[in-house]
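Structural features, examined
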Amino acid sequence: LSQQRPPLMEVKGNLELKTPLVKASSRLPLPGSRLKRGPDQMEDALEPAKKRTRGLGAVTKVNITRPRGPPLRTAPQTHGQTAAQKVPKKTGPRSTAVSTGNMLRNQKPAPAAPAAPAPKPGTAPPMVAGKKPGKRPAWDLKGQLYDLNEELKRYREKNQALDRDNQQLQEQLKEAQQQAKTLGTECSTLEEELTRVRTQAEQGQQELGHLRAHVSEIEEQLSTKEELLQELQKEQLELQEERRALATRLEEQERRQQALEAALSSSQAEVVCLRQETASQATLLAERGDQLHGLEMERRRLHNQLQELKGNIRVFCRVRPVLAGEPVPSSGFLLFPPGPAGPSDPPTCLSLSRSDDRRATLSGAPAPPTRHDFSFDRVFPPGSRQDEVFEEISMLVQSALDGYPVCIFAYGQTGSGKTFTMEGGPGEDPQLEGLIPRALRHLFSVAQEMNGQGWTYSFVASYVEIYNETVRDLLATGTRKGQGGECEIRRAGPGSEELTVTNARYVPVSCEKEVEALLHLARQNRAVARTAQNERSSRSHSVFQLQISGEHAARGLQCGAPLNLVDLAGSERLDPGLALGPGERDRLRETQAINSSLSTLGLVIMALSNKESHVPYRNSKLTYLLQNSLGGSAKMLMFVNISPLEENVSESLNSLRFASKVATCRQEHANRPCTLILCNFQFHLSRDAP
Ligand code: ADP
Ligand code: MG
């Protein structure tokens, strides 16, 4: 490709080449004006020469009008001076001759005029002044002959001139033919050149077409590129805008970051300080924790000491109010003398006046009523509310959490208010809630508080009744519900002190709602049984047991104790005057079983208080079941429920006498160690501790 010249350049080169050709043709005897034509008109320029060669007449005319050679050689002619202008000047005489010749060829001699006067024969025709001699008369033959001779002479001269001209023209013709040949050669060369140039031009055109297509393609591309460029420029502008915005944001972020870094460094410094402080606080906290734990242990010790001082066996007397429809007892039947500190002091004594109709004075008048005084740890007169009663026993609930077994009994004749005291009154009235729901609520809340000191507690409840020395589950559900499916009291394992009731449900509880559900279920179970066996509930002991387990994982401490809330069977005796029918015999057996178990309870308490070697736990199912919660460091509280009615005075006295016996069984010191198991001695008692 590099060797090829671009077609346009080649065309230009060819054009340059033609210049000498044109110059060559300038040697031709052509008018100067024709030299100014372009190479493509060269042929046309040659054309007249050919014509001249063909038609002699015309050639003759041309040759006559032009002189040979010199006009072409003397090239510097004035521009615009045409051949036509020159020819008449130089060939003036000849043109005359030609025109004469033509005239000779074309004109016929005109006929002689007869009217003119004849001149002298043999002389020249007479001349009119200033005019051609006129025509000779017909008779002047001599004159006419003269004229003809004269004319012949002129023609001969003319002929000679024409011959000379002809000769000259012949020569010129030869020369022109020679020139024509040369020109023909030149022409063919030029034609070839022309063809070549045309081919080249065609090629050039084709190439030009290609190039145009290419150009248009490129232009298209260019326009696309331009569009793209515009888009890109637009995009660039947008990006620049965005960049600016980002830069602004970056600056802002950097500023913020700097601020944050400053804050961070100050925070870090603060953190270091705080860490140091925390470390010292942690040390202090650990110390405080140890102290707190020591104090807690001390509190437990003191609490227990207090409870022991109050008595590990305590007896409270509660007299229920007279119910609607019941006869109002005579005034002075039951008296509640104020405590030693005066009327503000809660009563601890109770006086019961009994008039004995069988005894009479010598005068015959009825004997004055016998006054029986009883003293207990606390006496609750009929108006006492449930919360007041609970307040007194809440300390025992704390003891249970501290790891001391607790037993709370309700003793009394049927209808004296045992169930009311233990479970509560009828309906949903929260004021009438009994000891069991209150004690459990208290337990849960205290356990929650103890959580903060690292103690975690769990509770498992069971509820059984003992009727006629058989144990029955009150929490039974499903098919066992209401059935008197027998349960047995067994040791939890060989060598284990712990007792369990087989076939009874032990339900983990953690909130009041769950306990409420259990009490509800027990009530339902009792109701079903009541229809089957008449008023069995009052003839059986209901034992609600809650196994409390506490653990202080961090110090490896564990404690556990049962809390027993027992609603005892009615303590009334069978009327000895009653006839013993078949129903009464059953009743008698039932009563004997109740009396036996109640007296066993009394005996067990006595044996424990007297520190006897043998304690008759096995004599009743009740004492056997409760053996781990009686005696030792265990706390026992007995409510003796009294009916306010005069008609129940005998049973009331019996109950009060039983309770008084129990009350005398004060244990000076705990026989058994507290069930708190000290797994390791991480804690230290405070220095002040004894
Ligand atoms: P028990 O269980 O000893 O047989 P109850 O608890 O069933 O006796 O009480 C008998 C009746 O006396 C029930 O109707 C009970 O609501 C009512 N009662 C008992 N104690 C009180 C009291 N402190 N206040 C109001 N009513 C009571
Ligand atoms: Mg009852």
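Residues numbered from 1 in each chain as written. Chains lettered and ligands numbered in written order. Predicted model: local features only at pLDDT ≥ 70, side-chain atom pairs only at ≥ 80, totals over all residues. Heavy atoms only, no water.

The chain carries the name Kinesin-like protein in an unreviewed UniProt entry, which gives Nannospalax galili as its organism. Looking at the chain in UniProt, the text filed under Sequence similarities (unreviewed entry) is "Belongs to the TRAFAC class myosin-kinesin ATPase superfamily. Kinesin family. KIN-14 subfamily." UniProt's Subunit (unreviewed entry) comment on the chain is quoted here verbatim: "Binds NUBP1 and NUBP2. Interacts with PPP1R42." (UniProt positions renumbered as here; feature names shortened; annotations may be inferred.)

It is worth spelling out the overall build of the chain at this point. For the chain, the count of helices and strands is 15 helices and 16 strands. Evaluated residue by residue, the chain yields a buried proportion of 34% over its 690 residues. Total accessible area computed for the chain in this model is approximately 41900 Å², and 56% of it derives from carbon and sulfur atoms. (Helix = DSSP H or I, 4+ residues; strand = E, 2+ residues; numbered from the N terminus. Buried < 20%, exposed > 50% of the residue type's maximum accessible area, 1.4 Å probe, protein only. Areas by Shrake-Rupley, 256 points an atom, 1.4 Å probe, with all protein chains shown as cover.)

Inspection of the entire model under this criterion finds 9 aromatic pairs. Centroid distance F374 to F376: 6.3 Å. Interplanar angle 10 degrees. Geometry classified as stacked. Of the two residues examined, F374 and F376, each falls in the buried class. Pairing F444 with F459 gives two aromatic rings, centres 5.1 Å apart and planes at 80 degrees, and the pair type is edge-to-face. Of this pair, F444 sits in helix α11 (residues 435–451) while F459 sits in strand β7 (residues 455–467), and the two are 15 residues apart along the sequence. In this structure, F444 and F459 share a single accessibility class: buried. (Phe/Tyr/Trp six-rings, centres within 6.5 Å; stacked < 30°, edge-to-face > 60°.)

Next up on the list: the UniProt feature "binding site: ATP" (unreviewed entry) in the chain. Those places that UniProt annotates as "binding site: ATP" (unreviewed entry) correspond, in this numbering, to G412, Q413, T414, G415, S416, G417, K418 and T419. Structurally, the position occupied by T414 is in the loop between β6 (406–412) and α10 (418–422). Residue class for T414 comes out partly exposed when judged on its relative accessible area of 32%. Those residues in contact with T414 that sit more than four places away from it in its chain are S538, R539, G570 and E572. One polar contact links T414 to E572, side chain to side chain, over a distance of 2.5 Å. In contact with G417, not counting residues within four places along its chain, are R320 and N641. (Contact = heavy atoms within 4.5 Å. Polar contact = N/O pair within 3.5 Å; in protein donor to acceptor, adjacent residues only side chain to side chain.)

Our focus in this paragraph is the site of ligand 1. Residues in close proximity to ligand 1 include R318, R320, P321, L323, Q413, T414, G415, S416, G417, K418, T419 and F420, which together make up its full environment. G415 places a main-chain nitrogen or oxygen 2.6 Å from an oxygen atom of ligand 1. Contact distances for ligand 1 include 2.9 Å between an oxygen atom and a backbone N or O atom of K418. With the chains in place, 73% of the 550 Å² that ligand 1 exposes on its own is no longer accessible. If you tally residues by element for the shell around ligand 1, the top one is α10, at 3 residues. (Near = heavy atom within 4 Å.)

Turning our eyes to something else, we now look at the sheet that holds strand β4 (residues 370–375). As summarised here, the arrangement of the 3 strands in space is β2-β3-β4, forming an open sheet in which the pairing is antiparallel. Either end of the sheet is taken by a strand with one partner, and the two such strands are β2 (334–335) and β4. Taken together, the 2 bridges between β2 and strand β3 (residues 349–354) define a ladder with antiparallel strand orientation. Residue L335 lies in a different strand from β3, and its bridge partner there is S351. Of the strands in this sheet, β3 and β4 are in contact with helix α15 (residues 649–664), which crosses β3 at around 145 degrees. (Pairing = 2+ DSSP bridges. Axes fitted to C-alpha atoms, helices over the stretch in contact; angles between N-to-C directions.)

Overall, the prediction assigns the chain a mean pLDDT of 77, with 71% of residues at 70 or greater. The spread of mean pLDDT over the elements of the chain runs between strand β16 (residues 677–678), the lowest at 38, and strand β12 (residues 507–509), the highest at 95. (pLDDT = per-residue confidence, 0-100.)

Attention shifts here to the packing of helix α9 (residues 386–402) against α11. The geometry of α9 relative to α11 is characterised by a closest axis approach of 9 Å and an angle of 45 degrees between their N-to-C directions. On the basis of their axis angle, the class for α9 and α11 is oblique. The handedness of the crossing between α9 and α11 is right-handed. Between α9 and α11, the residues in contact are Q386, D387, V389, F390, I393, S394, V397, Q398 and L401 and L435, R438, A439, H442, L443, V446 and A447, respectively. Taken together, the residues of the contact of α9 with α11 break down into 10 nonpolar, 4 polar and 2 charged. (Parallel < 35°, antiparallel > 145°, perpendicular 65-115°, else oblique. Left-handed = near helix turned anticlockwise from the far one by under 90°. Nonpolar A, V, L, I, M, F, W, Y, C, P; charged D, E, K, R; others polar.)

Take the nonpolar core next. F409, L630 and M638 are the most contacted members of the largest nonpolar core, which has 52 residues in total. Residues within four places of M638 in sequence aside, it is in contact with R314, V315, F316, F409, Y411, L601, I605, F658 and V662. If you look at the next biggest cluster of nonpolar residues, it comprises 45 residues, including F380, L396, M422 and L521. (Core = buried A, V, L, I, M, F, W, Y, C linked by side-chain atoms within 4.5 Å.)

With that out of the way, let us pick up the side chain of S609. Among the structural elements, S609 can be located in helix α13 (residues 582–609). At 3.4 Å, the side chain of S609 and the side chain of N610 are in polar contact.

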